[in-house]
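# Descriptive structure summary
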Amino acid sequence: MGITRRDLLTATAGTAILGSSVIPRIGFGATKTVKIGFLAPLTGEVSAWGLPGLYGCEVLVKNINAAGGVKIGDDTYTLEIASFDDEYLPDKALQGFKKLVSEEDVKFVMMLGGDPWPGVQRFANQSKMLATTLLPSDLSPDTPYLLAPCEVHPIYNVTGVEYLARNFPDAKRAVICAQNDSLGIPSVATYEAAFEAAGIEVVDVNIFDPATTDFAPLVTSLLAKKPDIFCYDTAYADFVNLIAQQLHNQGYKGLQISCTCDNYPQIVEKTSKEFMEGFIFQFPDFDDPMLNEPFINFPEPNKFFADYNAAHPGTWTAVSWEYPSIVLQWIEAAKMAGSIEPMQVLEAMKGKPSWPHIFGEADWWGQDLWGINNALVGKWPVVVIRDGKAVIAEYGDIPAWWAKNKDVMIKRMRDRNQMWDQRA
Amino acid sequence: MDIILQTCVNALVASAFFALMAVGLVLIFGVMGIINFAHGELYMVGAYLVWYFYASQGWPFLAAVLAAFLIVTVIGLLMERTLFRPMRDNPLGGLINSIGLLFILQVLAVQVGGVGLMKNVPPAYRGSLDLLPGVSIGNQRLVALVIAAALLVCIWYFLTRTKVGWALRAVAQDRDAAALQGINIDRISMLAMGLGAGMAGVAGALIAPLTRVEPYMGHGVIITAFIVTIVGGIGSLSGAVLAAVLYAFFHTFVTTYWNGTVATMMGLLIMLVVLIVKPTGIMGTRVSE
Amino acid sequence: MKPSKLALPALFALAVFMVALPFGLKLHQQDFMISLLVWILVVSSYRLMALTGEYSLVHVVLMGAGAYGSALLAKLAGFSVWLAMPCGALVAAGLAAALSFPLFRMSGFYFLIGSFAAGEAIRLSWTYFTVPFGGPKGIKLIPSPELTLPGVGPIAFYEPIPYYYLTLIIVSISLYILYRLENSRIGLTMNAIHWRAPLAESVGVDTWRYRALAFVIASFFAGLAGALFCHYYGTANPSQFDVAAMVYVLIWVIVGGVSRFSGPIVGVVVLSVLNELFREAEQWRPLIYGCILIAAMFYLPDGLIGLPGRIRGWLDARRGAGAMVPGDGSEKPADFASSKQR
């Protein structure tokens, strides 16, 4: 049932050709197929972090295949996504990982990471399978084949705080709210470090249950501290939406900073342009003209955005482009290796000290925080809402910040039990 | 001081929704003896209907709420007729059927609206009313509060002042005796289920602009509704309302002054204590079988 | 339930089948079998509880208590996994013993919801107290058992096949104990409490004690199942043991049928296998599951174990006059219907 529906949808997605910078157009004999594993929650409450990514990969792969596939070594390959629903459970994830590797014969596995990863770790190492995660907190010295090549959450959040401190030197009191999970807590430590580095005092931190439905009490409690800056931490996009409405209702007028603000047009609609003016976050729209800069490693982002929305209207989130950008990096690495074999691709990727991340060249990094240099860190956009529209204000430089404030960050991570050696 | 008042306002709004959900559950359990696990999903359907009629089709908000009420009521009637009535002598069967329906409704919501971000339901009533300096209530919340309270009053009037209401309560107290009095159990069951479902639908519809409208939104609500139902006493409608208010105030204050997780944990423990001290709930009179 | 003449050979055939099974399976299916065995122990222990007529919603949380207990003892206190696992099970049993004081003041629906509240409170405390429970991420890198056999060398229990056999042995022994218990004097008393509570009390049976005993024993085995689970998958986190998982256990038990020992086992096996078969349906899977549940309640109100009897009934009806067609939902078998008396 699902298959027919998806075929229908992708058929309408258009068959345009991606930029030739990534995919060479081959006019003849594309015969071999390489399978890419997609192991993430596709049903249940966490599926919002998986399903839109699967949609994005399918749109991307469809476009790539329509353009003739990819040439790796001497062969031309068409791509195929093999997906498995891990239901965000470690046991299902291990079953899925084994199935993808031993039966589907995939050449690398994209995962959301988080709770299911510990179930998979041993087998992933044993089978020497290249895997990727969106949550770098899964990285440790025991994960040599796991990469975080796209999202290096939460370290990029420092760029937003740096921008804020530079542009609003009078703002001195910040409050932070964060959901109690593996996204929220390391992010709190990051924001605390970034605020400390910028000379801003954090006057309250409120860690809330992800099952919260009514944010009125939380907002009341935080506004009682009279903040200049309200920091949403890495609250889920929907929480940002609801908290912003509450802030607006309860008359907050100060600065706002967040990791995500995926659906800001909704928030603008529900509050006001004035209320949202100057809202700082980290995820650009994919029709942002600044994404057409030459150093951006994502072919025709604006067109991809349009294709996606045509195929799966109303489901776009940050993961819709994050997983596809990992597919693009893998293609790049496979081409360089001249092979699709996992360890050779990994070697090609890790062999270079820097690597084309979606937002430009980035370094393999992470030793200090995760005990292994398997995360790509470089530039990351600072996005600001101006007159109801999100625009990239600048590309912040994470390594430069790190060089100056490394000690603060490590201390804050340690205080919140987030260093890799502290994780139970 | 203004924080305390603002927290009271927050709690008042929460109590109205808790009460709508809990009273529906109590009606259904009282009359049919079935735990409706799909109650949260009826609430979800109500919210989706408002999203569809109001946000996508451009109906007036109140018309969309009315439509949600009617449609969810009909769903409730169908549930009674097809899923619960055949299981009348098998409460576990009714429970499992409601769980089956829960899965079905969640998948349908995914198919209709997709997953990802919550559905966009802009507020119909913008701005907020300043009650005192530093104490305000959003107009959308105010409208929701007023409608919810009005509905509760109507239900109360219906149950205590009309003949059908009396009959319904009689069935809730003793089904067999009521049947002997010539009360049509089938019709009363349908009425209870329709009303209970309709109230869940209205709760979801009213809260749609204020919360995450997504396929799994019923999950957290049902847990709260169970707590309220138990604390109030399963057979007691006024108990459910009183418990909703108490629980909402307790939870909101602990969340404001401490932490939401602690509030839920303590709420659950208080419920346990109530069950130990007075196993029939604060207002319950029926002894458990 | 008298064992028929066929029982022993059938049991032997089943044993041979279970021993040979992993070699006929694909890699990921071996893991599936380990999980399935663990869940079989969970539902079977749940049945012991259900014998007394009480349905609890805390069982999966107590399974989690076993997992957390065993994992923490092995990781922090340095217990050998062989010792940690039974200790984890004892933690679950101890917790159940403590809970039995408040919970068994209630029965029926009150007990159901009361047990749910207790479970949620325990589960939330795992989320809230980062030390020692690890917060929402739970506990990772839980060691697997170690054993060196003379002449064979160390056994790799992190591999699916050795762990499958370990699980098979432990679960089989546990099931045997549960089965014997059910048919012992204690089990018969428990059953009597379900159907004839006032009578049982009148002849001097302390119903509270037997209810609590069933609860504690059931929780011990649930905890053991949790420990088995976490030492293979290497992780335990609060969301694994949430109410969604509990609802699945309830479904397996009821759809399988509570009237016989094999009922819940049949339920978990059939429904889990069906669920895997429908993987292709992706996002539609829960909907299919929901339809199966409802269909089962209508056509098999006495559970899946009633299916052979039903089929016989259908065949007889077809052969005979066909006047009575069972399975139209109007029929209510005595044993299941009376569960409302709880």
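Preceding this section is the structure that the text describes.
Let me sum up the structure you'll find in this document. Here the structure is a predicted model, which means the values were calculated and not measured.

Attention now moves to the overall build of chain B. Helix and strand counts for chain B come out as 11 helices and two strands. Going from the N terminus to the C terminus, chain B shows its helices and strands as α-α-α-α-β-β-α-α-α-α-α-α-α. Against the 2.2 N^0.38 benchmark of 19 Å for 289 residues, chain B shows a C-alpha radius of gyration of 19 Å, consistent with a compact globule. When the backbone C-alpha atoms are referred to their principal axes, chain B occupies close to 60 × 45 × 35 Å. Here chain B holds 289 residues, and the buried ones make up 62% of them. Restricting to contacts in chain B with at least 6 residues of sequence separation, those with at least 24 account for 75%.

Once that is clear, we can look at the interface of chain C and chain B. Contact residues are listed per partner, giving 40 residues for chain C and 37 residues for chain B. Broken down by secondary-structure element, the contributors of at least two residues to the side of chain C that touches chain B are helix H5 (108–128), helix H11 (243–256), helix H13 (285–299) and helix H15 (334–337) of chain C. With 14 residues, H5 of chain C is the single largest residue contributor to the side of chain C that touches chain B.

So, about the interface of chain A and chain B. Taken residue by residue, the interface counts 36 residues in chain A and 28 residues in chain B. Among the elements of the structure, helix H2 (51–66), strand E8 (201–208), helix H7 (216–223), helix H8 (237–249) and helix H9 (264–270) of chain A are those that each provide at least two residues to the side of chain A that touches chain B. Within the side of chain A that touches chain B, the residues separate by chemical class into 13 nonpolar, 16 polar and seven charged.

Take the sheet that holds strand E5 (residues 131–132) of chain A next. All names here are of chain A. The strand order E2-E3-E1-E4-E5-E6 describes an open sheet built from six strands, whose pairing is mixed. The sheet terminates laterally at strand E2 (70–72) and strand E6 (146–147), the two strands that pair on one side only. Pairing of strand E1 (residues 32–40) with strand E4 (residues 109–111), which is carried by three bridges, proceeds in the parallel orientation. Residue pairing in the sheet places Phe38 in a bridge with Met110 of E4. Lying on the sheet, helix H3 (residues 90–103) is in contact with E1, strand E3 (75–85) and E4; it crosses E1 at an angle near 175°. The sheet strands contacting helix H12 (residues 319–337) are E1, E2, E4 and E5, and the helix crosses E2 at an angle near 40°.

The next thing to look at is the nonpolar core. One broad rule of soluble globular proteins: the nonpolar side chains tend to lie buried together. Residues and elements named next belong to chain B. Ranked by size, the top nonpolar core spans 366 residues in total, and within it Ala22 and Val50 carry the most contacts. Ranked by residues supplied to this core, first place goes to helix H1 (residues 2–32) with 19 residues. What Ala22 contacts, discounting residues up to four positions off in sequence, is Ala225, Val228, Thr229, Gly232, Ala240, Ala243 and Ala244.

Residue and element names in this part refer to chain C. Two elements in contact, helix H2 (residues 27–51) and helix H10 (residues 207–233), have axes separated by 8 Å at closest approach and are oriented at 170°. The orientation of H2 with respect to H10, classified from their angle, is roughly antiparallel. Contacts between H2 and H10 involve Ile34, Val38, Leu41, Val42, Ser45, Tyr46, Leu48, Met49 and Leu51 from the former and Ala214, Phe215, Ile217, Ala218, Phe221, Ala222, Leu224, Ala225, Leu228, Phe229 and Tyr232 from the latter. Across the contact of H2 with H10, the residue classes break down as 19 nonpolar, one polar and no charged.

What follows concerns the packing of H2 of chain C against helix H12 (residues 262–277) of chain C. Residue and element names in this part refer to chain C. Where H2 contacts H12, the two axes come as close as 8 Å, and the packing angle between them is 145°. Relative to H12, the crossing made by H2 is right-handed. Contact with H2, carried on its side by Phe32, Leu36, Trp39, Ile40, Val43, Ser44, Tyr46 and Arg47, involves Pro264, Ile265, Gly267, Val268, Val269, Ser272 and Glu276 of H12 and no other residues of that element. Taken together, the residues of the contact of H2 with H12 break down into 10 nonpolar, three polar and two charged.

Here the focus is helix H6 (residues 163–173) of chain B. All names here are of chain B. For H6, the complete set of buried residues consists of Ala167, Leu168, Val171 and Ala172. One side of H6 holds all its buried residues, which, seen down the axis, span an arc of 140°. Taken together, the buried residues of H6 touch H1, helix H5 (139–161), helix H7 (175–180) and helix H8 (185–207).

Moving on to the pairing of E8 of chain A. Residues and elements named next belong to chain A. In the sheet, strand E7 (residues 173–179) pairs with E8 via seven bridges, with the strands oriented parallel. What sits directly across from Val175, in E8, is Asp204. Regarding the hand of the β-α-β motif, the stretch spanning E7, helix H6 (residues 184–197) and E8 is right-handed.

Here we take up the environment of Tyr55 of chain A. All names here are of chain A. For Tyr55, the location among the structural elements is in helix H2. For Tyr55, a count of 27 C-beta atoms within 10 Å gives the class buried. Between the C-alpha atom of Tyr55 and that of Ser354, which follows or precedes it by 299 residues, the distance is 29 Å. Excluding its chain neighbours within four sequence positions, the residues that come into contact with Tyr55 are Tyr308, Ala311, His312, Thr315 and Ser320.

Rules used throughout
- Each residue is numbered by its place in its chain's sequence as written, counting from 1.
- Going through the entries in the order they are written, you letter the chains from A and number the ligands from 1.
- Per-residue local features of the predicted model are confined to residues with pLDDT of at least 70, and side-chain atom pairs are confined, for both listing and counting, to 80 or more; whole-chain, interface and lining totals are unaffected and use all residues.
- Each helix corresponds to a stretch of at least 4 residues labelled H or I by DSSP, and each strand to a stretch of at least 2 residues labelled E; elements are numbered beginning at the N terminus.
- Throughout, the radius of gyration refers to the C-alpha atoms, and the reference size of a globule is 2.2 Å times the residue count to the power 0.38.
- Here exposure depends only on C-beta density: within 10 Å of a residue's C-beta, 20 or more other C-beta atoms make it buried, 12 or fewer make it exposed, and intermediate numbers make it partly exposed, the C-beta atoms being placed from the backbone.
- Placing C-beta atoms from the backbone, we regard two residues as in contact once those atoms come within 7 Å.
- Following the grouping adopted for this structure description, the nonpolar residues are Ala, Val, Leu, Ile, Met, Phe, Trp, Tyr, Cys and Pro, the charged ones are Asp, Glu, Lys and Arg, and the polar ones are all others, Gly among them.
- DSSP calls a pair of strands paired once it identifies at least 2 bridges connecting them.
- For helices, the fitted axis covers only the stretch in contact; all axes are lines through C-alpha atoms, and the angles between them, taken along N-to-C directions, range from 0 to 180 degrees.
- Remark: nonpolar core denotes a set of buried Ala, Val, Leu, Ile, Met, Phe, Trp, Tyr and Cys residues whose joining runs through C-beta atoms within 7 Å.
- Put simply, angles under 35 degrees are roughly parallel, angles over 145 are roughly antiparallel, angles from 65 to 115 are roughly perpendicular, and the rest are oblique.
- By convention, the crossing between two helices is left-handed when the near helix turns anticlockwise from the far helix through less than a right angle, and right-handed when the turn is clockwise.
- Taking the helix axis as origin, the arc is that swept by the directions to the C-beta atoms.
- Seen with its strands pointing away from the viewer, a crossover is right-handed when the path leading from the first strand over the helix to the second is clockwise.

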